[in-house]
Amino acid sequence: MPLKAVIFDFIGTLVNCRDYNMVDSEAKLYSALISEGFDIEKDRFLVSYKETHQKYRKVRYEQFREVTNAVWVSEALCNLGFKVTPENRQVKTALNVFFQDFLDTLELRRGAKQLLNQISQQYRVGLISNFTHAPVIHKGLRKIGIHNCFNAVVISQDVKWRKPSPRIFCDTLIRLGVQAHEAVFIGDSPTEDIGGAKEAGLKTVFIPSQFNSLDDLAQSKQAPDGIVERLESIPQKLRQIFVAV
């Protein structure tokens, strides 16, 4: 069968995160909550925040169900005596400050925009991103100028499932109007990207990143249909894979 759709992971695969520091972002989240009127001691908040974060991390990484940050931040505040929900305006405002650090670090990997422009002339193009707050990904796509390159953008917060769950891949295939055997997934995570896409029936291409190396792939025991070390090599690799099918 011919190739009809190329689907990409986002963070690590198409973009790097330059000098991002989670500890600094958590400190800014605390300061933003103080500015929004929550009178809390920093160490108590960070302890409560880390406890709720770990609680929902188990849900996210063991059940592959996505949970947005507002859930565990609001629960952390409730554990400290505040009455707030994930829809609380002050919580959402503070989270916008928290995520700004991440947005500021995003930069395109070499060859990414040229690759997307080339691929989009021949195939349907999709993007799947595991992210707890979907607006951040949309803002990031606009910031780096590739938001118009995709026929479908699927973010785990929106569909409530995370890679490697086959559900998020199947949802994307439906949006693109293609079957699994007509699509290839390109990503840098051996488990989430390669393992998840293979389980959903897609062909796969692994590309190492700042987060995952070729050694990580080898240790994972995952076997992608192709491996590239540069984005510029992807068109040739796709031709090799789908000629061989």
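Predicted model, so just to flag it, every value in this text is computed and none were measured. (Residues numbered from 1 in each chain as written. Predicted model: local features only at pLDDT ≥ 70, side-chain atom pairs only at ≥ 80, totals over all residues. Heavy atoms only, no water.)

J.: Which residues make up the overall build of the protein chain, and what values go with them?
T.: Within the protein chain one finds 11 helices and eight strands. Against the compact-globule benchmark of 18 Å for 245 residues, the protein chain has a radius of gyration of 19 Å, which places it among compact chains. Counting only C-alpha atoms and orienting by the principal axes, one finds that the protein chain spans roughly 60 × 35 × 30 Å. Expressed as a percentage of the 245 residues in the protein chain, the buried residues total 54%. A sequence separation of at least 24 residues applies to 68% of the contacts in the protein chain between residues at least 6 apart. Accessible surface, the protein chain as shown: approximately 11,700 Å² in total, 47% of it carbon and sulfur. Each charge sign in the protein chain was given a centre, from 32 positive and 28 negative side chains, and these centres are 5 Å apart. (Helix = DSSP H or I, 4+ residues; strand = E, 2+ residues; numbered from the N terminus. Rg over C-alpha atoms; globule rule 2.2 N^0.38 Å. Buried < 20%, exposed > 50% of the residue type's maximum accessible area, 1.4 Å probe, protein only. Contact = heavy atoms within 4.5 Å. Areas by Shrake-Rupley, 256 points an atom, 1.4 Å probe, with all protein chains shown as cover. Lys, Arg positive; Asp, Glu negative; His and termini not counted. Charge placed at Lys NZ, Arg CZ, Asp CG, Glu CD.)

J.: I'd like a rundown of the layout of surface pockets, residues and numbers included.
T.: As a volume, the largest pocket reaches approximately 940 Å³. Every residue lining the largest pocket is counted, 31 residues in all, and those nearest its centre are Arg60, Tyr61, Asn130, Phe131 and Arg162. Those elements that provide at least two residues to the lining of the largest pocket are helix 2 (42-62), helix 3 (69-79), helix 4 (89-105) and helix 9 (190-199). Per-element tally for the lining of the largest pocket: the top contributor is helix 2, with five residues. Here the residues of the lining of the largest pocket sort into 14 nonpolar, nine polar and eight charged. (1 Å grid on protein atoms, 1.4 Å probe; cavity = no way out; pocket = protein on both sides within 12 Å on 5 of 7 lines; lining within 4 Å. Points joined across faces, edges and corners; volume = space filled by probe spheres on them. Nonpolar A, V, L, I, M, F, W, Y, C, P; charged D, E, K, R; others polar.)

J.: Any details on the nonpolar core? Residues and values, ideally.
T.: Ranked by internal contacts, the top residues of the largest apolar core, which has 61 residues, are Phe10 and Phe45. At seven residues, the largest contribution of residues to this core is made by helix 4. Each residue touching Phe45, except ones within four places of it in the same chain, is listed here: Leu29, Tyr30, Leu33, Ile40, Leu77 and Leu80. Membership of the second largest hydrophobic core comes to 17 residues, among which are Ala152, Phe169, Ala180 and Ala197. (Core = buried A, V, L, I, M, F, W, Y, C linked by side-chain atoms within 4.5 Å.)

J.: Give me the pattern of salt bridges: which residues, what numbers.
T.: This structure, assessed with the given rule, holds 17 salt bridges. Between Glu232 and Arg230 there is a salt bridge; the shortest N-O distance is 3.6 Å. Residue classification places Glu232 among the partly exposed positions, given a relative accessible area of 34%. On the accessibility criterion, Arg230 (46% relative accessible area) is partly exposed. (Salt bridge = Lys/Arg side-chain N within 4 Å of Asp/Glu carboxyl O.)

J.: Which residues make up the pairing of strand 5 (residues 152-155), and what values do they have?
T.: Side-chain positions along a regular strand alternate between the two faces of the sheet. Examined bridge by bridge, strand 4 (residues 124-129) and strand 5 share four bridges and lie parallel to one another. In the sheet register, Gly126 faces strand 5, and the bridge partner there is Ala152. At this point the chain moves from strand 4, through helix 6 (residues 134-143), to the parallel strand 5, and the crossover so formed is right-handed. (Pairing = 2+ DSSP bridges. Right-handed = clockwise from strand over helix to strand, strands pointing away.)

J.: Give me unusual backbone geometry: which residues, what numbers.
T.: Here the amide bond leading from Lys163 into Pro164 is cis, since omega sits at 15 degrees, within 30 degrees of zero. Locating Pro164 in the fold gives a position in the loop between helix 7 (156-159) and helix 8 (166-176).

J.: Talk me through the side chain of Glu36; I want residue IDs and the actual numbers.
T.: Among the secondary structure elements, Glu36 is positioned in the loop between helix 1 (22-35) and helix 2. Non-local contacts of Glu36, meaning those with residues more than four positions away in its chain, are made with Arg89, Gln90 and Thr93.

J.: Account for the sheet that holds strand 5, naming residues and giving values.
T.: Within a sheet, each strand pairs with its neighbour through backbone hydrogen bonds, oriented either parallel or antiparallel. In space, the six strands of this open sheet follow the order 5-4-1-6-7-8, with parallel pairing throughout. Whereas interior strands pair on both sides, the edge strands pair on one side only; in this sheet they are strand 5 and strand 8 (226-227).

J.: Tell me what's going on with the environment of Val159, and back it up with residues and numbers.
T.: Its location among the elements puts Val159 in helix 7. Residue classification places Val159 among the buried residues on the basis of a relative accessible area of 16%. With 93 residues separating them along the chain, Val159 and Glu66 place their C-alpha atoms 8.1 Å apart. What Val159 contacts, discounting residues up to four positions off in sequence, is Val154, Ile168, Asp171 and Arg175.

J.: Please give an account of the packing of aromatic side chains that cites residues and values.
T.: Under the criterion given, the structure shown has eight aromatic pairs. Ring centres of Tyr30 and Phe45 lie 6.2 Å apart, and the angle between their planes is 35 degrees; this geometry places the pair in the tilted category. One end of the pair, Tyr30, is in helix 1; the other, Phe45, is in helix 2, and 15 residues separate them in sequence. Three or more aromatic residues joined by ring pairs form one cluster here, namely Tyr20, Phe98, Phe99, Phe102 and Phe131. The side chain of Arg57 reaches across the aromatic face of Tyr61, ending 4.3 Å from its centre. Above the ring of Tyr61, the side-chain terminus of Arg162 is found at 4.7 Å from the ring centroid. (Phe/Tyr/Trp six-rings, centres within 6.5 Å; stacked < 30°, edge-to-face > 60°. Lys NZ or Arg CZ within 6 Å of the ring centre and 35° of its normal.)

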